[in-house]
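Letter by letter, the chains look like this.
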Amino acid sequence: RGPPDAALPDSRPDTDSVHKLFNIATKLAQNAENEKYGCTLVIDLNEQPIFMSGHHLQEPLDLTHEELLGMAKDLAKVDGALHIGADLHLHGFACLLDGRAVAGEDRSRGARYNSALRFTSENPNLIVIVVSMDRPVSIIQEGVALDAQCILKPVSWLIKMPPTMQERFENLGF
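Residues numbered from 1 in each chain as written. Predicted model: local features only at pLDDT ≥ 70, side-chain atom pairs only at ≥ 80, totals over all residues. Heavy atoms only, no water.

A. Summary view of the layout of surface pockets. Of the voids in this model, the second largest pocket is the one considered here, and its volume is about 200 Å³. Along the walls of the second largest pocket sit T40, D79, G80, A81, A94, C95, L96, L97, D98, A111, R112 and S115, which together make up its complete lining. Among the elements of the structure, strand 4 (89–95) and helix 3 (111–122) are those that each provide at least two residues to the lining of the second largest pocket. Among the elements that make up the lining of the second largest pocket, the one with the highest residue count is helix 3 (3 residues). (1 Å grid on protein atoms, 1.4 Å probe; cavity = no way out; pocket = protein on both sides within 12 Å on 5 of 7 lines; lining within 4 Å. Points joined across faces, edges and corners; volume = space filled by probe spheres on them. Helix = DSSP H or I, 4+ residues; strand = E, 2+ residues; numbered from the N terminus.)

B. Here's a closer look at the sheet that holds strand 6 (residues 138–141). Sheet architecture is open: 7 strands sit in the order 2-4-3-1-5-6-7, paired in mixed fashion. This sheet does not close on itself; its edge strands, each paired only once, are strand 2 (55–62) and strand 7 (144–145). Strand direction decides the pairing type here: strand 1 (residues 39–44) and strand 5 (residues 126–131), joined by 6 bridges, are antiparallel. The residue of strand 5 that forms the bridge with L41 is I129. In the packing of helix 3 onto the sheet, the strands contacted are strand 1, strand 5, strand 6 and strand 7, and the crossing angle to strand 5 comes to about 175°. (Pairing = 2+ DSSP bridges. Contact = heavy atoms within 4.5 Å. Axes fitted to C-alpha atoms, helices over the stretch in contact; angles between N-to-C directions.)

C. Molecular detail of the packing of aromatic side chains. What the rule picks out here adds up to 0 aromatic pairs. Stacked on the ring of Y113, the Lys or Arg R109 has its end atom at 4.1 Å from the ring centre. (Phe/Tyr/Trp six-rings, centres within 6.5 Å; stacked < 30°, edge-to-face > 60°. Lys NZ or Arg CZ within 6 Å of the ring centre and 35° of its normal.)

Shown next as structure tokens:
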């Protein structure tokens, strides 16, 4: 597995769009956390958004407009996921995340989290953000939670101390 952007499609959104998409997702997730409700955001990086079961908008909402982003915040309260495209538009809401069981599921994490694992394992170029009412936000891609923590144990015996300035000068013959 390469860096997080290695999973992005070849026709990646430009830097400005990525920045705007990140800001949109952040505002939606923070609103859910602040108002104490859980929600799921599907960030669809495919050129054409995938089909998802749920309510589809005849005219997708341009989430770069604050009033339409406010509407998306309200729709995030409805059971199911928001479907956001790389075009910065909301394509659907109350979407279902279907999929077969995968390794790494954790019943204690709830339906949103496990459904996101399943759905992303079967659908490429998606990032799913799960906001839980009682846990930290989870980011899931390709059936893997990207928010897993790695605890490193110090191995100080492997680390050689750098030479002092005095030792450097002596090595140079001064």
